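# Fold and contact review
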Amino acid sequence: MPERVKTDMGGATAALDYDAELMLRVRDGDGASFGLLLEKHRSPVVHFLYRMVQNHAVAEELAQEVFLRVYRSRSSYEPTAKFTTWLFRIATHLALNSLRDGKNERLQERLDKDSPEMPARQVTDRRPSVEQTMVYQVRLDEVRQAVAALPGKQRAAVLMHKYEEMEYSQIARVLRCSESAVKSLLFRAYETLRARLAHMA
Amino acid sequence: MKCPIETPENAQLLLAYCTRKLNAESTAIIERHMEICPACRQFSSGQRAVWEALDAWEAAPVTVDFDRRLYQRIDREVSWWHLLMRPLRPMLVRQGLPIAAAACLLVVAGVMLQHPASAPPAAQPHSAQVETPQPDQVDHALDAMHMLGEFSYRVRGGAADSKM
């Protein structure tokens, strides 16, 4: 069970999450704590970015940039929010920039020609038939396209809500908007997704 | 119960129900309502379909050399910075103050050379308001000078008397 410490932040006493405590150790020069943070958040960050930009190579490149920024900012780090809020704020910012610049589209074309993104799991795990694999791929493409069609912020909100299981309040802090704005973003996003994916039921 | 779809607040409730984030009591209320409301049933089944579709979308595992590449980038960045700062470090440590002073002087000199006419505008209004002495002030000054002269004469006279 992660140990929790208390610290005084601006007069109010706030409980620090374990990650923030690790980050404070990184600030004090403890490289091993950075390794622990990386171990814990590597997959969630890469997966979030992958679903945002829908390209594995770009997602990993962006994730590297996220952790590099975390490392660079260590000396000025102040635990004013949950560590994951800060982490996903950096990730979302980079992903939205990447989408805006269209960086991943050029790479996507090249990668799509090379190899499908997830061939191993379907073939090795349950050994499905060719038909099952094709059906799965078609459904997956539909899901990916439906998510890709969402505006950037709606997409980020849905991914954090669905896969990271974040509360509305934390999503709001990541996206720097109000909780009601997040509820509205999510409601509109799911409405769009229902219209496109409801037939899959 | 009012139909959840009709009000935004209740629609949030229905969304929470579909994502299984409602408590048992609210879940029971929603389920009772859905038995008589086809719109909510449709909303719910659509949302569940979305949820399951998203569940099926698994992200590929992170490549095995992710950490190695990251640490390489960190090392490169750190070593690049060290390399850049290495020749300057002894000077900064031993002669930090003189260097800082010299740098400040250079900056100030540069600013003065670039803006030679920057000081006069402040002095201008001052010179326009030259004070002219009032007659009673002149009288006071003359009185003071007279008293000073008299004092000086008496002091000198006193000194001459004592010599005699």
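Conventions used here
- Residue numbers restart at each chain and count upward from 1, following the sequence in its written direction.
- Starting at A for chains and at 1 for ligands, labels are handed out in the order in which the entities are written.
- Residue-level local features of this predicted model are given only where pLDDT is at least 70; pairs of side-chain atoms are given and counted only at 80 or more, and the full residue set underlies all totals for whole chains, interfaces and linings.
- Helix and strand labels come from DSSP, where a helix needs a run of H or I of at least four residues and a strand needs a run of E of at least two; each type is numbered from the N terminus.
- The exposure label follows from counting other C-beta atoms within 10 Å of a residue's C-beta, where the C-beta atoms are placed from the backbone and the thresholds are 20 or more for buried and 12 or fewer for exposed, leaving partly exposed in between.
- Multiplying 1.5 Å by the helix residue count minus one yields the expected span of that helix.
- Here the arc refers to the set of directions running from the helix axis out to each C-beta atom.
- Two residues form a contact once the distance between their C-beta atoms, set from the backbone, is within 7 Å.
- Basically, the charged four are Asp, Glu, Lys and Arg, the nonpolar ten are Ala, Val, Leu, Ile, Met, Phe, Trp, Tyr, Cys and Pro, and anything else, Gly included, counts as polar.
- pLDDT runs from 0 to 100 and stands for how confident the predictor is about each residue.
- Buried Ala, Val, Leu, Ile, Met, Phe, Trp, Tyr and Cys residues form a nonpolar core when they are connected through C-beta atoms within 7 Å.
- Helix axes use the C-alpha atoms of the stretch in contact, all axes being lines fitted to C-alpha atoms, and the angles between their N-to-C directions lie in the range 0 to 180 degrees.
- Each crossing is labelled by how the near helix is turned from the far one, with a counterclockwise turn of less than a right angle marking it left-handed and a clockwise turn marking it right-handed.
- By the definition adopted for this analysis, an angle is roughly parallel if under 35 degrees, roughly antiparallel if over 145, roughly perpendicular if from 65 to 115, and oblique otherwise.

Turning next to the overall build of chain B. Each helix and strand in chain B was counted, giving 8 helices and 0 strands. When the helices and strands of chain B are read in sequence order from the N terminus, they spell out α-α-α-α-α-α-α-α. Sorting the 164 residues of chain B into buried and exposed places 9% on the buried side.

As a further point, take helix 10 (residues 179–197) of chain A. Residue and element names in this part refer to chain A. Taking 1.5 Å per residue as the helical rise, helix 10 with its 19 residues ought to reach 27 Å, and the 26 Å between its terminal C-alpha atoms agrees with that figure. Turning to helix 10, its buried residues are V182, L185, L186, A189, Y190, L193, R194 and L197. An end-on view of helix 10 places all buried positions within 165° of arc, on one side of the element. Exposed residues on helix 10 whose side chains face more than 90 degrees from its buried face are S180 and A195.

With 30 residues of chain A at the contact, the number on the chain B side is 24 residues. Listed by contribution, the elements that provide at least two residues to the side of chain A that touches chain B are helix 2 (31–53), helix 3 (56–72), helix 7 (130–148) and helix 10 of chain A. Here the element with the most residues in the side of chain A that touches chain B is helix 2 of chain A; it accounts for 7 residues. Each residue belonging to the side of chain A that touches chain B can be placed in one class, and the counts come to 16 nonpolar, 4 polar and 10 charged.

Residue and element names in this part refer to chain B. Counting all residues, the mean pLDDT for chain B is 73, and 59% of those residues have values of 70 or more. Mean pLDDT across the elements of chain B ranges from a minimum in helix 7 (residues 120–128), with 41, to a maximum in helix 3 (residues 38–56), with 90. In the predicted structure, residues 117–130 sits below a pLDDT of 50 and forms 0 contacts with residues beyond four places in sequence or in another chain. Across the predicted assembly, pTM comes out at 0.68 and ipTM at 0.78.

Take the nonpolar core next. All names here are of chain A. Judged by nonpolar contacts, the single largest core of 62 residues is most densely connected at L49, V53, A157 and I171. Looking at this core element by element, the count peaks at 9 residues for helix 2. Those residues within four positions of L49 in sequence are excluded, and the remaining contacts are A59, L62, A63, A91 and A95.

All names here are of chain A. On the secondary structure map, L99 appears in helix 4 (residues 83–101). Overall, the presence of 20 C-beta atoms within 10 Å leaves L99 in the buried class. In the structure, L99 is positioned 46 residues away from V53 in sequence and 6.6 Å away in space, judged by C-alpha atoms. Once residues within four sequence positions are removed from consideration, L99 is found in contact with V53 and G152.

What follows covers the packing of helix 2 of chain A against helix 8 (residues 152–162) of chain A. All names here are of chain A. For the pair helix 2 and helix 8, interaxial distance at closest approach is 10 Å and the crossing angle is 145°. Regarding helix 2 and helix 8, the two cross each other, and that crossing is right-handed. Note on element contacts: helix 8 touches helix 2 through R155, A156 and L159, opposite F48, R51 and M52. The residue makeup of the contact of helix 2 with helix 8, split by class, is 4 nonpolar, no polar and 2 charged.

Right, let's talk about unusual backbone geometry for a bit. Residue and element names in this part refer to chain A. Look at E165: it is not a glycine, yet its phi comes out positive at around 50°. Along the chain, E165 turns up in the loop between helix 8 and helix 9 (168–175). Backbone geometry at R176 places phi at a positive 55°, although glycine is not the residue there. Along the polypeptide, R176 turns up in the loop between helix 9 and helix 10.

Close contact between helix 10 of chain A and helix 3 of chain B brings their axes to 9 Å; oriented N to C, the two are set at 85°. Between helix 10 of chain A and helix 3 of chain B, the interaxial angle falls into the category roughly perpendicular. On the side of helix 10 of chain A, the interface is formed by Y190(A), L193(A), R194(A) and L197(A), while helix 3 of chain B contributes G46(B), Q47(B), A49(B), V50(B) and A53(B).

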